[in-house]
Amino acid sequence: MKHLAMAVVVKQGKVLVQRRYCAEKGMILEFPGGKVQLGETGTDAAIRELKAETGLSGLAHTATYTKVNEMGGRIYFVIFRAKTDVEPNSADAARKLEFNWLSPESIPQDDFYTADREFINQYLQQYTLTPA
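Residues numbered from 1 in each chain as written. Predicted model: local features only at pLDDT ≥ 70, side-chain atom pairs only at ≥ 80, totals over all residues. Heavy atoms only, no water.

(A) Summary view of the pattern of salt bridges. Following the criterion strictly, the structure yields six salt bridges and no others. A salt bridge links Arg48 to Glu49, with the nearest nitrogen and oxygen atoms 3.0 Å apart. Look at Arg48 and you get partly exposed, because its relative accessible area is 27%. Owing to a relative accessible area of 13%, Glu49 belongs among the buried residues under this scheme. Each of Glu40, Arg48 and Glu49 takes part in salt bridges that share partners, so that together they form one network. (Salt bridge = Lys/Arg side-chain N within 4 Å of Asp/Glu carboxyl O. Buried < 20%, exposed > 50% of the residue type's maximum accessible area, 1.4 Å probe, protein only.)

And the structure:
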């Protein structure tokens, strides 16, 4: 079982989405995130992965959603609020990370896993409509 944590960063009605290279698929879009390590909470994993991938830290944690992922483990969607001047920076040039702030309706969901699409369609809108 593989447990995953996704950092869902919301700023001014938009959400942070990263574009990265994946050997199996080429360039893909996803939320920053990764594996939950042994003894780590989903929220702590999202905080760690967010800092490692984007350099962002100290954001306001708003909520955490969890469900079963496609690999039989848990997936945690950890929502953070960013101030208007917050911008991500790629911490690893070799990973070819690019970042975009997208409104929920403009997220091209084809690159996302089923659990991600369900989260986007069921929960994301309420966090992008609520002012920070």
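(B) Structural context of unusual backbone geometry. Of note in this structure, Gln12 is not a glycine but carries a positive phi near 50°. Residue placement: Gln12 occurs in the loop between strand S1 (4-11) and strand S2 (14-22). Looking at Gln12, the relative accessible area reads 62%, which means it is exposed. (Helix = DSSP H or I, 4+ residues; strand = E, 2+ residues; numbered from the N terminus.)

(C) Summary view of the side chain of Asp116. Following the sequence through the fold, Asp116 ends up in helix H2 (residues 114-129). There is no salt bridge for the buried Asp116, and the closest opposite charge comes from Arg117, which lies 7.4 Å off by N-O distance. The contact partners of Asp116, leaving out residues within four places of it in the chain, are Met6, Ile75 and Phe77. (Lys, Arg positive; Asp, Glu negative; His and termini not counted. Contact = heavy atoms within 4.5 Å.)

(D) Here's a closer look at the packing of aromatic side chains. For the coordinates displayed, the defined rule picks out seven aromatic pairs. Connected via pairs of aromatic rings, a cluster forms that spans Phe31, Tyr65, Phe77, Phe112, Phe119, Tyr123 and Tyr127. (Phe/Tyr/Trp six-rings, centres within 6.5 Å; stacked < 30°, edge-to-face > 60°.)

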